[in-house]
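Below are the chains, spelled out letter by letter.
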Amino acid sequence: MTWLDDFLAEDCKNVHDVRRSGRSVLDRLAGDRALLTKLVDTIPDDPARMAASRVTLLLNRLSLYEAHGFEIRLNMNPREDNQLVPHDHCYTFATRILRGGYVHVVRRRTDGWEGPFGGDDLETAVVSLERPGSTYVLEHSMVHQAVMQPETVTLFIRGPRCKESSHAVEELMPPVSAWPKAATPGGKPVNSRSATWDEYRAMRDYLRERSLID
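Each chain carries its own residue numbering, running from 1 in the written order of its sequence. Confidence filtering applies because this is a predicted model: local features only for residues at pLDDT of at least 70, side-chain atom pairs given and counted only at 80 or more, and all residues used for totals across whole chains, interfaces and linings. Excluding hydrogens and water, the side-chain values take into account all heavy atoms of the structure.

Asks: For this particular structure, what's the right way to read the sheet that holds strand 6 (residues 122–130)?
Replies: In sheet architecture, strand pairing relies on hydrogen bonds along the backbone and comes in two forms, parallel and antiparallel. What makes two strands pair is DSSP finding at least two bridges between them. In this text, helices come from DSSP runs of H or I with a minimum length of four residues, and strands from runs of E with a minimum of two, each type numbered from the N-terminal end. Taken in spatial order, the three strands line up as 6-5-8 in an open sheet, and their pairing is antiparallel. Each edge of the open sheet carries a strand with a single partner, namely strand 6 and strand 8 (143–148). Strand-to-strand twist in this sheet, taken as the mean axis angle between neighbours without regard to direction, amounts to 20°. Here strand 5 (residues 102–109) runs beside strand 8; their pairing, made up of six bridges, is antiparallel. As a rule, the C-alpha atoms of each element are fitted with a line to give its axis, helices using only the stretch in contact, and angles between N-to-C directions run from 0 to 180 degrees.

Below you can see the structure in the form of structure tokens.
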């Protein structure tokens, strides 16, 4: 048991609590180096977290904690050429920048707040520069994109699912040739898949080499 178990069980019962408490969870975890290291090191001991640690179209991620409808992740290794696609999420989330940074663009939908959208349905609303130590919360209905520096690492907490599926501007999606390679030889590229043992180990070592964990 850790302070995360008590906090998320008692203080974060629904999506609105991500907005209210997500910042404090991430700020506290960012300062709890021992717990952060333990969560990374114990991923192989938990099949669910190992399966949820993924190589995706946008970046790589480690699943640190899953309970009560919430998940905490470490995001890293952004794919620079694949970050130009405005998209939304199925959940409200909070992000804290640990290393690097990015230009964050939040867009306003001109066609309502539900369902698919295209590039012509969006207008730029807010542009911000996120630096190490900054934290922000984004509602599931908001559309955004984050153009990350290559060395960017972020802590991320998502709340319970709010809708069946997320959406992105299809005409801007990267070609299949830019998708992550299959985990096994001869397989087809996929836009998201579970990390292999070697990929997990590479992400863990990446964090250690940059003094983000022990």
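There's plenty left to go through after this.
Asks: I tried to follow helix 5 (residues 197–209) on my own but got confused; where do I start?
Replies: Residue pairs spaced three or four apart in an α-helix point in one direction, given the helix's 3.6 residues per turn. Here, expected helix span is obtained from the residue count minus one, scaled by 1.5 Å. When the terminal C-alpha atoms of helix 5 are compared, their 18 Å separation across 13 residues agrees well with the 18 Å that a helix rising 1.5 Å per residue should span. Regarding helix 5, the residues found buried are Y200, M203, R204, Y206 and L207. All buried residues of helix 5 fall inside an arc of 155° around its axis, so they share one side. Of the surrounding secondary structure, the elements contacted by the buried residues of helix 5 are helix 3 (33–41), helix 4 (47–52), strand 2 (60–67), strand 3 (70–76) and strand 9 (153–158). Looking one or two residues past helix 5, S211 carries a phi angle of roughly 60°, positive in sign. Note on exposure labels: buried denotes an accessible area under 20% of the residue type's maximum, exposed denotes more than 50%, and partly exposed covers the range between, all computed with a 1.4 Å probe on protein chains only. Comment: arc refers to directions from the helix axis out to C-beta atoms. By definition, residues are in contact when any of their heavy atoms lie within 4.5 Å.

Asks: Would you mind going over unusual backbone geometry with me for this structure?
Replies: Excluding glycine, residues mostly have negative phi values, and the peptide bonds linking residues are mostly trans. The phi torsion at N77 lies on the positive side, around 55°, for a residue other than glycine. Structurally, the position occupied by N77 is in the loop between strand 3 and strand 4 (93–99).

Asks: I would appreciate a short explanation of the side chain of Q83 in the present structure.
Replies: The residue Q83 is located in the loop between strand 3 and strand 4 in this model. Classification of Q83 as buried rests on a relative accessible area of 5%. Distance and chemistry together define a polar contact, namely a pair of N or O atoms within 3.5 Å, with one atom able to donate a hydrogen and the other to accept it when in protein, and with adjacent residues in sequence counting only for side-chain atoms on both sides. At 3.2 Å, the side chain of Q83 and the backbone oxygen of R79 are in polar contact. Residues contacting Q83, with those up to four places away along its chain left out, are L58, P78, Q145, A146, V147 and M148.

Asks: Which parts of the structure should I look at to understand the nonpolar core?
Replies: Soluble globular proteins tend to bury their nonpolar side chains together. We call a set of buried residues a nonpolar core when its members are Ala, Val, Leu, Ile, Met, Phe, Trp, Tyr or Cys and they connect through side-chain atoms within 4.5 Å of each other. Of all hydrophobic cores here, the largest spans 31 residues; its most connected members are L62, L64, I72, L74, L155 and L207. Elements with a minimum of two residues in this core: helix 1 (3–11), helix 2 (15–31), helix 3, strand 2, strand 3, strand 4, strand 9 and helix 5. Among residues more than four places away in sequence, those in contact with L155 are L26, L29, A30, L36, L64, I72, R73, L74, A94, T95, R96 and L98. Grouped together as the second largest cluster of nonpolar side chains are twelve residues, L59, V106, L138 and M148 included.

Asks: When you look at a nonpolar patch on the surface in this model, what are you seeing that I'm missing?
Replies: Together, L84, V103, V127, L129 and V147 give the surface a local cluster of nonpolar side chains, amounting to about 410 Å² of exposed area. Residue position: L84 is located in the loop between strand 3 and strand 4. For patch building, the residue pool is restricted to those with more than 30% relative accessible area and no salt bridge; the joining distance is 9 Å between like charges and 5 Å between nonpolar side chains (Val, Leu, Ile, Met, Phe, Trp, Tyr). The Shrake-Rupley method, run with a 1.4 Å probe, gives the accessible areas here. Residue values count only the displayed protein chains as cover. Any carboxyl oxygen of Asp or Glu within 4 Å of a side-chain nitrogen of Lys or Arg constitutes a salt bridge here.

Asks: Mind showing me how you'd approach the sheet that holds strand 4 here?
Replies: Spatially, seven strands are ordered 7-4-9-3-2-1-10 in an open sheet, and the strand pairing comes out antiparallel. Strands at the two margins of the open sheet, each flanked by one partner only, are strand 7 (135–138) and strand 10 (192–194). Within the sheet, the average angular offset between the axes of one strand and its neighbour, ignoring direction, is 25°. The sheet strands contacting helix 3 are strand 2, strand 3 and strand 9, and the helix crosses strand 2 at an angle near 105°.

Asks: Whenever I open this one, the pairing of strand 2 confuses me. Can you help?
Replies: It is a general feature of regular strands that their side chains alternate between the two faces of the sheet. When you tally the buried positions in strand 2, you get six out of eight residues, the bulk of the element. From the end of strand 1 (residues 54–56) to the start of strand 2, which pair antiparallel, there are three residues. Looking at chain direction, strand 2 and strand 3 are connected through seven bridges and run antiparallel. Bridging from a neighbouring strand, A67 pairs with F70 of strand 3. Between strand 2 and strand 3, which pair antiparallel and follow one another directly, the connecting turn spans two residues, one of which, H68, has a positive phi of 60°.

Asks: Sorry, what's going on with the packing of aromatic side chains here?
Replies: Two aromatic rings, taken as a pair, are described by how far apart their centres are and by the angle between their planes. Only Phe, Tyr and Trp rings are paired, with Trp represented by its six-membered ring, and only when their centres lie within 6.5 Å; those with planes under 30 degrees apart are stacked, over 60 edge-to-face, the remainder tilted. A complete count under the given rule lists five aromatic pairs for this structure. With a centroid separation of 4.9 Å and an interplanar angle of 20°, the aromatic rings of F93 and F156 are classed as stacked. Within this pair, whereas F93 is found in strand 4, its partner F156 is found in strand 9, the two being separated by 63 residues in sequence. For F93, a relative accessible area of 1% translates into the label buried. Taking 6.5 Å as the distance between ring centres and 85° as the angle between the ring planes, the aromatic pair formed by Y102 and Y136 counts as edge-to-face. Taken as a pair, Y102 in strand 5 and Y136 in strand 7 lie far apart in primary sequence, 34 residues in all. The residues Y102 and Y136 share a single accessibility class, namely buried. Site record: aromatic cluster; members linked through ring pairs are Y91, F93, Y102, Y136 and F156. One Lys or Arg, R28, reaches over the ring of W3 and ends 4.1 Å from the middle of that ring. In this scheme, Lys NZ or Arg CZ marks a charge over a ring once it lies within 6 Å of the ring centre and within 35 degrees of the ring normal.

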